[in-house]
Amino acid sequence: MVSNLQRRIALRRKLHILRTLTNSKSVKKSSIIMDSLLYIYKLKLKLEEIKREYSNLMAIKKEYLNLMKHIQVPKEVKVEQVGEKFLVRVICKKGENSLVSVLEVLDEVGLNVLQASVSCKYFFAMEAIAVAQNQQAVDVGEVTQLILKAIEKQDVPGLVNDSK
């Protein structure tokens, strides 16, 4: 059986832990408990404030992402001949098969891609270095127009590239 002395020692230990956790300066048992309740109430208020702030931030993020979807990216296609190599730069709205369409066009006109860098986080951007197959002549203007047509096919809803 637990003696009264052991109970008091256990109670003092628990009250001391409460005082330490809540930074209470009180000595009385009732004051320590009241300080603990006040501390818990303040923690609940802080938690509610953090939840409100989090929901506000999530709403802002959602609005930002929604705006990013509606940004109009101007179509830009540049094909430059530098010596025997061609520098191809494409920027347009992100589509399902933008990369495939551009690479198909380059293959059709007889260009082999040596190196390419592609990004499609908010819009499609590609920069590639290509060379002509078998030293054949390639018209820069024709390549530019074909890439623009391929990109425009991506922008038209319901139009699928069936050139296979």
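The text that follows walks through the structure, step by step, so that each part is easy to find. Predicted, not measured: the structure shown is a model, and the values here were computed from it.

On to the state of the cysteines. Following the criterion strictly, the structure yields zero disulfides and no others. As a non-bridged cysteine, C92 has C120 as the owner of its nearest cysteine sulfur, 9.8 Å distant. By relative accessible area, C120 is classed as partly exposed at 43%.

With eight bridges joining them, strand β2 (residues 85-92) and strand β4 (residues 124-132) adopt antiparallel strand pairing. Residue pairing in the sheet places C92 in a bridge with F124 of β4.

On to the packing of helix α1 (residues 4-22) against helix α2 (residues 29-69), then. In contact at an axis separation of 10 Å, α1 and α2 are set at 40° when each is read in the N-to-C sense. As the angle between them shows, α1 and α2 are arranged oblique. As α1 packs across α2, the resulting crossing turns out to be left-handed. Contacts between α1 and α2 involve L11, L15, L18, R19, L21 and T22 from the former and K29, I32, D35, S36 and Y39 from the latter. For the contact of α1 with α2, the residue count by class is six nonpolar, two polar and three charged.

Calculation criteria
Residues numbered from 1 in each chain as written. Predicted model: local features only at pLDDT ≥ 70, side-chain atom pairs only at ≥ 80, totals over all residues. Heavy atoms only, no water. Disulfide = S-S within 2.5 Å. Buried < 20%, exposed > 50% of the residue type's maximum accessible area, 1.4 Å probe, protein only. Pairing = 2+ DSSP bridges. Helix = DSSP H or I, 4+ residues; strand = E, 2+ residues; numbered from the N terminus. Axes fitted to C-alpha atoms, helices over the stretch in contact; angles between N-to-C directions. Parallel < 35°, antiparallel > 145°, perpendicular 65-115°, else oblique. Left-handed = near helix turned anticlockwise from the far one by under 90°. Contact = heavy atoms within 4.5 Å. Nonpolar A, V, L, I, M, F, W, Y, C, P; charged D, E, K, R; others polar.

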